[in-house]
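Remarks on the overall topology
Residue strings, one per chain:
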Amino acid sequence: VQLQAFGGGLMQAGDSLRLFCAASGRTVSRDTMGWFRQAPGKERNFAAALFRSGGTTVYADAVKGRFTISRDNAKNTMYLQMNNLRPEDTAVYYCAAAPSAIRSTLTSQTAYHYWGQGTLVTVSS
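The paragraphs below set out a description of the structure included in this document. Throughout this document, residue positions are counted from 1 along each chain, in the order its sequence is written. Local features in this predicted model are restricted to residues of pLDDT 70 or higher, and side-chain atom pairs are both shown and tallied only at a pLDDT of 80 or more, whereas totals for entire chains, interfaces and linings draw on every residue. Values shown for side chains rest on all heavy atoms present in the structure; no hydrogens or waters enter the calculation.

Quick notes on the pairing of strand E5 (residues 44–50)
Defined as follows: Only protein chains enter the accessibility calculation, which uses a 1.4 Å probe; a residue is then buried when its area is under 20% of its type maximum, exposed when over 50%, and partly exposed in between. Here a helix means four or more residues in a row that DSSP labels H or I, a strand means two or more in a row labelled E, and each is numbered from the N terminus. One requirement defines pairing of two strands: DSSP has to find at least two bridges between them.
Of all seven residues in E5, five are buried; the element is thus mostly enclosed. Judged from the six bridges that link them, strand E4 (residues 32–38) and E5 form a sheet pairing that is antiparallel. Bridged to glutamine 38 within E5 is arginine 44. Linking two consecutive strands that pair antiparallel, namely E4 and E5, is a turn of five residues; a positive phi of about 75° is found at glycine 41 within it. Summarising the sheet, E5 and strand E6 (residues 57–59) pair through three bridges and their orientation is antiparallel. Bridge pairing in E6 places alanine 49 opposite valine 58.

And the structure:
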């Protein structure tokens, strides 16, 4: 599976932005999909996940209520809708796929086998 994340850009606080993660090579409709982010000078952290095909979503506390993860299986694409952006959301955002993750591991990077290259989101105050 190859994943390509795109849609990042330079935003202002309060703006909305939608990130895309396009998958190729095979369908990811039954994979758990996740978004992670890495702020400048910091480790990569979990942001959001969508469990397999059941629709269960998990969010980091920092993005809960502002970000929404979703997928379009027909397009083999995952999305991250980010609303009310804050300067602390500035990061490189990575999408990832996990063919066999279990619910208890959704927030762990080690559960994900495939990674996109990342897309930079910069939010100014």
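Describing the pairing of strand E8 (residues 77–82)
Burial analysis of E8 places five of its six residues in the buried class, which makes it a mostly covered element. Examined bridge by bridge, strand E3 (residues 17–24) and E8 share six bridges and lie antiparallel to one another. Along E8, the bridge assignment pairs phenylalanine 20 with tyrosine 79. Relative to E8, strand E7 (residues 67–72) runs antiparallel, the two being bridged by six bridges. Note on E8: the bridge partner recorded for isoleucine 69 is leucine 80. Count of turn residues in the E7/E8 antiparallel hairpin: four residues, of which asparagine 76 carries a positive phi of about 55°.

Describing the environment of leucine 17
To keep things clear, this is the line we draw: It only takes one pair of heavy atoms within 4.5 Å for two residues to be counted as in contact.
Along the chain, the position of leucine 17 falls in strand E3. In this structure the C-alpha to C-alpha distance between leucine 17 and phenylalanine 67, which are 50 residues apart in sequence, comes to 9.6 Å. Excluding anything up to four places from it in sequence, leucine 17 contacts Gly7, Gly8, Gly9, Met11, Leu80, Gln81, Met82, Leu85 and Val121.

Quick notes on the sheet that holds E7
As a reminder of what qualifies: Fitted lines through C-alpha atoms serve as axes, helices being fitted only where they are in contact, and the angles separating the N-to-C directions of these axes extend from 0 to 180 degrees.
Read from one edge to the other, the open sheet built from four strands follows the order E1-E3-E8-E7, with strand pairing classed as antiparallel. A strand with exactly one partner marks an edge of an open sheet, and here the two such strands are strand E1 (2–6) and E7. Between one strand axis and the next, the sheet turns by 15° as a mean value, whatever way the strands run.

What about the state of the cysteines?
Where we set the bar: Criterion for a disulfide: a pair of cysteine sulfur atoms within 2.5 Å.
For the structure on display, the rule yields one disulfide. Disulfide pairing places cysteine 21 opposite cysteine 95 at an S-S distance of 2.2 Å. As the torsion about the S-S bond is roughly 70°, the cysteine 21-cysteine 95 disulfide counts as right-handed. Of this pair, cysteine 21 sits in strand E3 while cysteine 95 sits in strand E9 (residues 91–98), and the two are 74 residues apart along the sequence.

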